[in-house]
Amino acid sequence: MINNTLQKKIFIETYGCQMNEYDSELVRSILKKENYEFVTDELKADIVMLNTCAIREHAHRVVYGRVYHIRHLRGKDNPVMIGILGCMATNLRQELLENRNLKIDFIAGPDSYKRLPQLIREAMDTGQKAYDVTLSEFETYSDITPSRKEGVNAWIAVMRGCNNFCTFCVVPYTRGRERSRSPQNVVEEVRRLSDEGFKQVTLLGQNVNSYRYEDYDFAYLLEEVSKVDGLERIRFTSPHPKDFPDRLLEIVANNPKVCKHIHLPLQAGNNRILDLMNRTYTREEFLGLVDKMRALIPHVALSTDIIIGFCSETEAEFEETLDVVRRVEFDSAFTFKYSQRKGTIASKKYPDDVPDNKKTDRIMRLNDLQKEISYRKNQAHIGQVQEILIDAASANRSQDQIPGRTDGNQLVMIPPGPYKVGDLVKVRITDATPHALKGAPMFPEET
Ligand code: SAH
Ligand code: SF4
Ligand code: F3S
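Residues numbered from 1 in each chain as written. Chains lettered and ligands numbered in written order. Predicted model: local features only at pLDDT ≥ 70, side-chain atom pairs only at ≥ 80, totals over all residues. Heavy atoms only, no water.

*Asks:* When you look at the environment of Gln-184 in this model, what are you seeing that I'm missing?
*Replies:* Along the chain, Gln-184 turns up in helix α7 (residues 183-195). The sequence separation of Gln-184 and Glu-224 amounts to 40 residues, and the corresponding C-alpha distance is 8.7 Å. (Helix = DSSP H or I, 4+ residues; strand = E, 2+ residues; numbered from the N terminus.)

Laid out in structure tokens, this is it:
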């Protein structure tokens, strides 16, 4: 039994998307207030929490593997409590609760983090699994200040949940309905972040541009956030193609603080598949939106997400996805093999009938095409002058190269110099690979 009276040490590991990263910061804040301490060495922890993702099958397997590994590592003499947080907690609650081989002490879904202190105590006191996976229509954690790591960028969740029910996707079930924080509340937090020295904020939401609070929409929020002094850059992710009114595009185009980068998830390039996915747009509408974005926001960087091998996708339909990728020339793409998820509409209505070897073949062809496009687009940057923000996360990794990001979110490596994390540096692009650029800092007389 774990000693109940001493200050407990927690180790938290985060999987999945930025929303989960943000949620782990909320969890840190909630539990620090209750006198828990966070440690970076899992062997020193009394409690290990895994903040999990359920988006694809692989994510599950990794977490199960981790639980067995932790138990094995610690053995009988050095017990540890294990808690499962995040999207697996809601998606697999039954299995997590009933699987006797998987020794878990507590389970908390994405809307139950304020109850964590209680759940941990309950599990300690009773020795039974404690759990709360209730989804809320209201919880936005707007009264919690996340305990963030230092750096250039601060994540800030402005809305949570998703109402779109794309048929392949588990998120509407794991995170519940859409709800947004008030603009005042978001702006106050951004002001505080700017005072603390953060140079960039990334507004987060499962459908960030579906943000709505009373009569205020996402365009309004973006504009209000951009008025905060001291902030250099504003990003947002992930938007849905269905929510891009002209006013939002105009703000991205004209507001100097809003980065000229849009993540625009395509998912598929064939209309029958898009319809089966319930994406609510056609390939023609998607291409039309891209044209409009490029007309209004010259040089806008576009990235995307694509799923290949969705239920009943034929070779010809997949080729239409390749065709859209060729036409749009995204700067980068995240590509995924379709992975059937329990509870989703697709899992009930459509068989997962594209064989895995076909999925592998298609994703490789798609990746080859995208690599070629990214390389070509990166090469075209050579000779250009770009302003980069020196990036915290990786600045210590390598001594001979310093990483920064362009406004379009492209990685640029520069030789070491007198730069601090968070500095804006003007560089001339000197070289390019499919994944990154190289730059040389400009001297004042050159600029
Ligand atoms: N809210 C975001 C998506 C979050 S999930 C949005 O709508 O853009 C990130 C990406 O994972 C999705 O865009 C999709 O490409 C991929 N994805 C989601 N469910 C998946 C599944 N069942 N199989 C494979 N990829 C999936
Ligand atoms: Fe999932 Fe679709 Fe919602 Fe994105 S918009 S989280 S892909 S259901
Ligand atoms: Fe994964 Fe949940 Fe994010 S399923 S991608 S952690 S919203």
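Let's pick the thread back up.
*Asks:* When you look at the site of ligand 1 in this model, what are you seeing that I'm missing?
*Replies:* Taken together, 14 residues form the shell around ligand 1, and within it Phe-168, Gln-206, Gln-267, Asp-305 and Ser-339 come nearest. Arg-56 is positioned such that a nitrogen or oxygen atom in its side chain is 3.1 Å from an oxygen atom of ligand 1. Between ligand 1 and Asp-305 there is a distance of 2.7 Å, counted from an oxygen atom to a side-chain nitrogen or oxygen. In the complex, 88% of the free accessible area of ligand 1, which totals 540 Å², lies under the protein chains. Counting only elements with at least two residues in the shell around ligand 1, the list comes to β15 (301-308) and β16 (332-337). Tallied by class, residues from the shell around ligand 1 come to 6 nonpolar, 4 polar and 4 charged. (Near = heavy atom within 4 Å. Polar contact = N/O pair within 3.5 Å; in protein donor to acceptor, adjacent residues only side chain to side chain. Areas by Shrake-Rupley, 256 points an atom, 1.4 Å probe, with all protein chains shown as cover. Nonpolar A, V, L, I, M, F, W, Y, C, P; charged D, E, K, R; others polar.)

*Asks:* Honestly, the nonpolar core in this entry has me stumped. Any pointers?
*Replies:* Across soluble globular proteins, you tend to see nonpolar side chains buried next to one another. In this structure, Val-201, Leu-203, Leu-222, Val-225, Ile-262 and Phe-310 are the most contacted members of the largest nonpolar core, which totals 68 residues. When sequence neighbours within four positions are dropped, the list of residues in contact with Phe-310 reads Thr-167, Phe-168, Ile-273, Leu-276, Met-277, Tyr-338, Ala-346, Tyr-350 and Val-354. Counting 27 residues, the second largest nonpolar core, distinct from the first, contains Met-19, Leu-26, Leu-85 and Phe-106. (Core = buried A, V, L, I, M, F, W, Y, C linked by side-chain atoms within 4.5 Å. Buried < 20%, exposed > 50% of the residue type's maximum accessible area, 1.4 Å probe, protein only. Contact = heavy atoms within 4.5 Å.)

*Asks:* What is the right way to read the site of ligand 3 from this model?
*Replies:* Taken together, Cys-17, Asn-20, Thr-52, Cys-53, Ala-54, Ile-55, Cys-87, Val-171, Arg-175 and Gln-206 make up the full set of residues adjacent to ligand 3. Residue composition of the shell around ligand 3, grouped by class: 6 nonpolar, 3 polar and 1 charged. Built from parts of two domains, the shell around ligand 3 gets at least three residues from each of domain 1 (9-132) and domain 2 (153-379). (Domains from an automatic or database assignment.)

*Asks:* So what exactly am I meant to see when it comes to the packing of α7 against helix α8 (residues 218-226) here?
*Replies:* Angle between the axes and distance between the axes are the two parameters that describe a pair of packed helices. Relative orientation of the contacting elements α7 and α8 amounts to 30°, with a least axis distance of 9 Å. With respect to their mutual orientation, α7 and α8 come out roughly parallel. As α7 packs across α8, the resulting crossing turns out to be right-handed. Two secondary-structure elements touch here, α7 through Pro-183, Val-186, Val-187 and Val-190 and α8 through Tyr-220, Leu-221, Glu-224 and Val-225. For the contact of α7 with α8, the class distribution of residues is 7 nonpolar, no polar and 1 charged. (Axes fitted to C-alpha atoms, helices over the stretch in contact; angles between N-to-C directions. Parallel < 35°, antiparallel > 145°, perpendicular 65-115°, else oblique. Left-handed = near helix turned anticlockwise from the far one by under 90°.)

*Asks:* So what exactly am I meant to see when it comes to the sheet that holds β15 here?
*Replies:* For sheets, the rule is that strands pair by backbone hydrogen bonds, running either parallel or antiparallel. Spatially, the 3 strands line up as an open sheet ordered β14-β15-β16, and their pairing is parallel. Edge positions in the sheet fall to β14 (261-263) and β16, since each of these pairs with one other strand and no more. With direction set aside, neighbouring strand axes in the sheet form an average angle of 10°. The pairing of β15 with β16 spans 6 bridges and is classified as parallel. Bridging across to β16, Asp-305 finds its partner in Phe-334. Strands in contact with helix α14 (residues 356-379) are β15 and β16; relative to β16, the strand with the most contacts, it is inclined by about 175°. (Pairing = 2+ DSSP bridges.)

*Asks:* Where do I start with the sheet that holds strand β18 (residues 402-405) in this structure?
*Replies:* Ordered in space as β17-β18-β19-β21-β20, the 5 strands form a closed barrel in which the pairing is mixed. The mean angle between the axes of side-by-side strands here comes to 55°, regardless of whether they run parallel or antiparallel.

*Asks:* Sorry, what's going on with α7 here?
*Replies:* Since the α-helix advances by 3.6 residues per turn, residues separated by three or four positions end up pointing in the same direction. For α7, which comprises 13 residues, the first-to-last C-alpha distance of 18 Å matches the rise-based estimate of 18 Å (1.5 Å per residue) to within 8%. Buried within α7 are the following residues: Pro-183, Asn-185, Val-186, Val-187, Glu-189, Val-190, Leu-193 and Ser-194. In the core, the buried residues of α7 are packed alongside α1 (18-32), β7 (153-157), β10 (200-204), β11 (212-213), β12 (216-217) and α8. A positive phi of about 105° marks Gly-197, the residue just after α7. (Expected span 1.5 Å × (residues − 1).)

*Asks:* What am I meant to see in the packing of aromatic side chains here?
*Replies:* A ring pair, where both rings are aromatic, is described by two values, the distance of the centres and the angle of the planes. For the structure shown, the criterion picks out 9 aromatic pairs. With a centroid separation of 5.8 Å and 40° between ring planes, the pair formed by Tyr-281 and Phe-286 is classed as tilted. Aromatic side chains Phe-310 and Tyr-338 sit 4.9 Å apart centroid to centroid with 80° between the ring planes, which places their arrangement in the edge-to-face category. Highlighted residues: Phe-310 in the loop between β15 and α12 (315-328) and Tyr-338 in the loop between β16 and α13 (345-349), separated in sequence by 28 residues. Cluster of aromatic residues (ring-pair linked, three or more members): Phe-168, Phe-310, Tyr-338 and Tyr-350. (Phe/Tyr/Trp six-rings, centres within 6.5 Å; stacked < 30°, edge-to-face > 60°.)

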